[in-house]
Amino acid sequence: MVTLTINGQTVQVPAGTTILEAAEKAGIKIPTLCYLKDINKIAACRMCVVEVEGSDRLAAACDTPVEEGLVVHTNTPKVRKARRVNMELLLSQHASYCSTCIRSGNCPLQKLANDLNIHEMPYHVHVARGYTDTSTPLVRQASKCIKCMRCVQICEKVQTMGIWDLAGTGSRTTVDVSGNRTLKTSDCTFCGQCVTHCPTGALTARDDTVKVLDALADPEITTVVQIAPAVRVAWAESFGLTGKKAATGKMVAALRRLGFDYVFDTNFSADLTIMEEGSEFLERFTHRDRYHWPMFTSCCPGWVRFIKSQFPHYVDCLSTAKSPQQMFGAVAKTYFAEKIGVDPHRMFVVSIMPCMAKKSECALPTMRDACGDPDVDAVLTTREMDRLFRSDNIQPGDLPEEAFDSPLGTGTGAAVIFGATGGVMDAALRSAYYLVTGENPNPDAFTAVRGNKPWKEAVFSIPGAGEIRVAVVSGLGNTRKLMKALESGQGRYDFVEVMACPGGCAGGGGQPIHDGEELAGKREDALWKLDQKATIRFSHENPEIQSLYQEFLERPLGKKSHHLLHTDHTTWEVVEKGIWLDSN
């Protein structure tokens, strides 16, 4: 152990600990901006500088290791002045239009500038100019970039995509898309992890709220909204709501106040996905020689884009089942439109998702199977939905709870866990067991695929089918390791669930941002608890799914199901325009 003194307080920490970590252990706050624990410790912003006795130079606390007998002062006049000057220099290159910035009120740069009591600028402000491209789900505004390198590090170290890098030299140095590319021409998966870890508004999700508001204002349009599983355990964070104030029913009520004609649950189509994907797996598993193995889930569009660009020889292993979002859109504009007597061309389907990549998925030309129009017309992230509530002065916590509409509003416990890593696999195995044996397994029989471990493996036995080797992975860096294990022969699986974001959809790029906090695990725990409390915990027992097949689809993998609920991943490629286009 190393003993040092910080602000007169004796602290003992293990060797190799940084001054910042030692101060945190002692309950002493040192401000940071570029720092991300275990990811970004480069001392680029110089906000964490401290004074060390015996040294003429200030030390960056985030990357300076402790030494025996070190005496540290965190708030001397010299330190305060340095932090203030460093912040003023950062602001001299930052477009400080806070009142119109999407991160206003939730911006570490803004908060730190206020904390440092900076109310005027002594330097001439010169911000970077750049074209703001809104054709992709990920939007970069160069004028707000402070070159903290967080996006570079999260994309390289966690997601292993290397989309961001330093560009230019000298005073023109900035962060931009690597390899002299644009986002359109890059292999970015639009996972959004760079957005949730950016300390400013330099990286954001494209705002599609105006498109949705226009549809809501049109009396000739029937508006339908679906809410993804992971949204219900995160939406209330932006309002500081907890417990009953954060109930799903209050979110449903708030969406009705916005003007939506029908409010449905993506849990419904998650159950539908299990029926199709589970049936597809059993078809492949019982005819092994006809297929390339393993079979991968296809719910996550970031993962689909990843495999197409990084491991294209495995694309035929993807399940052909569409994601719950897209299945919902196809069913809404056929089955539901027919039920209520509405022209599907006059129906506007909106998704509320924890994900940015869903914005690209709904734009795929292969996702127009219901009536020729996009099956899903617009995708809003959890953050965008919260902004709509605020803009309409809606206080969700004060509203009485309301139920989802029917017949696309009923979901099971198996569906709600789609938002947690391992949830899709768990749900699929529950129904696969039933489809083979005619009996339900214990709904908690597959706990080996649960939990926050980024790469999980298990073997389960289903009577009449045999042993099934499965794997669950979240985060693209972990996914790359799994894919390389498959290529080398070290990994052998039958069924693999992949989610692009660490922790799955609960940690998605469209979820509320809490700087320096990773809340995926907490949100996942909430989803598993919802499953435990659910009256029905098997997708095949969802009564509205049973009615859908009886009245409309007939059977899983049937002709109508294949047309509406499945897709061909080989008919489109990532091309110059940066969106998924038909290769023909």
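In case you missed it, the structure is sitting above this.
Residues numbered from 1 in each chain as written. Predicted model: local features only at pLDDT ≥ 70, side-chain atom pairs only at ≥ 80, totals over all residues. Heavy atoms only, no water.

Notes on the sheet that holds strand β2 (residues 9-13)
So the rule is basically this: If DSSP finds at least two bridges between two strands, the strands pair. Where helices and strands are cited, they refer to DSSP runs of H or I of at least four residues and of E of at least two residues respectively, numbered from the N terminus. Any two residues whose heavy atoms approach within 4.5 Å are treated as being in contact. Whenever a helix is involved, its axis is fitted only over the stretch in contact; in every case the axis is a line through C-alpha atoms, and angles between N-to-C directions fall within 0 to 180 degrees.
Strand order in the open sheet formed by five strands is β2-β1-β5-β3-β4, with mixed pairing between adjacent strands. The open sheet is flanked by β2 and β4 (59-60), the only strands paired with a single partner. One ladder, built from five bridges, connects strand β1 (residues 2-6) with β2; its direction is antiparallel. Directly across from Leu4, in β2, lies its bridge partner Val11. Contacting β3 (49-52) and β5 (71-73), helix α2 (residues 77-91) crosses the sheet at an angle of about 155° to β3.

Regarding the pattern of salt bridges
For the record, the criterion: By convention in these notes, a salt bridge is any Lys or Arg side-chain nitrogen within 4 Å of a carboxyl oxygen on Asp or Glu. Buried residues are those whose accessible area, probed at 1.4 Å on protein chains only, stays under 20% of the maximum for their type, while exposed residues exceed 50% and partly exposed ones sit between those limits.
According to the stated counting rule, one finds 31 salt bridges in the structure shown. Taking the shortest distance from any N to any O, the salt bridge between Glu402 and Arg256 comes out at 2.8 Å. With a gap of 146 residues between them, Glu402 in the loop between α12 (382-391) and α13 (413-416) and Arg256 in helix α7 (residues 248-258) connect regions that are remote in the sequence. According to the relative accessible area criterion, Arg256 is partly exposed, its value standing at 22%.

Some details on the side chain of Thr196
Going by this rule: Definition of a polar contact: a pair of N or O atoms within 3.5 Å, with one able to donate and the other able to accept a hydrogen when the atoms are protein atoms, and with sequence-neighbouring residues admitted only if both atoms are side-chain atoms.
Following the sequence through the fold, Thr196 ends up in helix α5 (residues 193-196). Side chain to side chain, Thr196 and His197 meet in a polar contact 3.2 Å long. Setting aside its immediate chain neighbours within four residues, Thr196 contacts Arg383, Gly508, Gly509, Gln511 and Ile513.

Describing the sheet that holds strand β14 (residues 378-381)
Pairing is parallel across the open sheet formed by four strands, whose spatial order is β11-β10-β13-β14. Strand pairing shows two members of the sheet lacking a second neighbour, β11 (262-265) and β14, which therefore form its edges. Across the sheet, the mean angle separating the axes of adjacent strands is 25° when strand polarity is ignored. Examined bridge by bridge, strand β13 (residues 347-353) and β14 share four bridges and lie parallel to one another. When the sheet's bridge partners are listed, Ile352 is paired in β14 with Leu380. Strands β10 (222-227) and β11 of the sheet are contacted by α7, whose axis makes an angle of about 160° with β10. Strand contacts of α12: β13 and β14, with the helix running at about 85° to β14, the strand carrying the most contacts.

Some thoughts on the packing of aromatic side chains
Rule in force here: Note on ring pairs: Phe, Tyr and Trp rings are taken, using the six-membered ring of Trp, and paired if centres are within 6.5 Å. Classes follow the plane angle, with under 30 degrees stacked, over 60 edge-to-face and the rest tilted. Counting as a charge over the ring demands two things of the Lys NZ or Arg CZ atom: a distance within 6 Å of the ring centre and an angle within 35 degrees of the ring normal.
Applying the stated criterion to the full structure yields 17 aromatic pairs. Both rings, one in Phe446 and one in Phe460, keep their centres 5.0 Å apart while their planes meet at 85°; by these two values the pair is edge-to-face. Taken together, the residues Phe446 in the loop between α14 (423-437) and β15 (455-462) and Phe460 in strand β15 connect sequence positions 14 residues apart. For the residue pair Phe446 and Phe460, the accessibility class agrees, reading buried in each case. The cationic tip of Arg288 hangs over the ring face of Trp293; the distance from NZ or CZ to the ring centre is 4.3 Å. The ring of Phe239 is capped by Arg390, whose NZ or CZ atom sits 4.4 Å from the centre of that ring.

Looking at the packing of helix α8 (residues 266-285) against helix α10 (residues 324-340)
Using the following cut-off: Here roughly perpendicular refers to angles of 65 to 115 degrees, roughly parallel to angles under 35, roughly antiparallel to angles over 145, and oblique to all remaining angles. For this classification, Asp, Glu, Lys and Arg are treated as charged, while Ala, Val, Leu, Ile, Met, Phe, Trp, Tyr, Cys and Pro are nonpolar and the rest, including Gly, are polar.
Where α8 contacts α10, the axes come no closer than 8 Å and their chain directions differ by 100°. Here α8 lies roughly perpendicular to α10, going by the angle between them. In this structure, α8 contributes Thr266, Phe268, Ser269, Ala270, Leu272, Thr273 and Glu276 to the contact, and α10 contributes Pro324, Gln325, Met327, Phe328 and Val331. Residues of the contact of α8 with α10, tallied by class, amount to seven nonpolar, four polar and one charged.

Digging into α7
Counted residue by residue, α7 has eight buried out of eleven residues, so it is predominantly covered. Residues of α7 that are buried include every one of Gly249, Lys250, Met251, Val252, Ala253, Ala254, Leu255 and Leu258, and no others. Contacts made by the buried residues of α7 are with α6 (209-217), β10, β11 and α12. Gly259 sits one or two positions beyond α7 and adopts a positive phi of about 120°.

Some details on unusual backbone geometry
Of note, the amide linkage connecting Trp293 to Pro294 takes the cis form, showing an omega dihedral of 0°. Looking at the element boundaries, Pro294 is found in the loop between α8 and β12 (295-296). Pro407 follows Ser406 through a cis peptide bond whose omega is 15°. Relative to the elements of secondary structure, Pro407 occurs in the loop between α12 and α13. Residues other than glycine seldom take positive phi values, yet Met149 does so here, at roughly 75°. In this fold, Met149 is placed in the loop between β6 (138-140) and α4 (150-158). Residues other than glycine seldom take positive phi values, yet Phe190 does so here, at roughly 60°. Within the element layout of this structure, Phe190 appears in the loop between β8 (174-177) and α5.

Points about empty space enclosed by the protein
Quick note on the threshold: Residues are called lining when one of their atoms sits within 4 Å of a cavity or pocket point, these points coming from a 1 Å grid over the protein atoms alone, where a cavity is a set in which a 1.4 Å probe fits but cannot get out and a pocket is an open set with protein on both sides within 12 Å along at least five of seven lines. Grid points are joined across faces, edges and corners, and a volume is the space filled by probe spheres set on the points.
Within the structure shown, the criterion is met by four cavities of 30 Å³ or more. Considering only enclosed or pocket space, the largest cavity measures out at about 270 Å³ in volume. For the largest cavity, the lining is made up of 25 residues, of which Cys299, Pro354, Lys358, Met499 and Cys505 are closest to its centre. Where the lining of the largest cavity is concerned, the elements lending two or more residues are α9 (301-310) and α10. Its residues assigned to classes, the lining of the largest cavity shows 17 nonpolar, seven polar and one charged.

Points about the pairing of β3
In this sheet, β4 lies alongside β3 in antiparallel orientation, the contact comprising two bridges. Paired with Val50 across the two strands is Ala59, which belongs to β4. Between β3 and β4, which follow one another and run antiparallel, lie six residues, and Gly54 among them has a positive phi close to 95°. In this structure, β3 lies alongside β5, joined through two bridges in antiparallel fashion. Paired with Glu51 across the two strands is His73, which belongs to β5.

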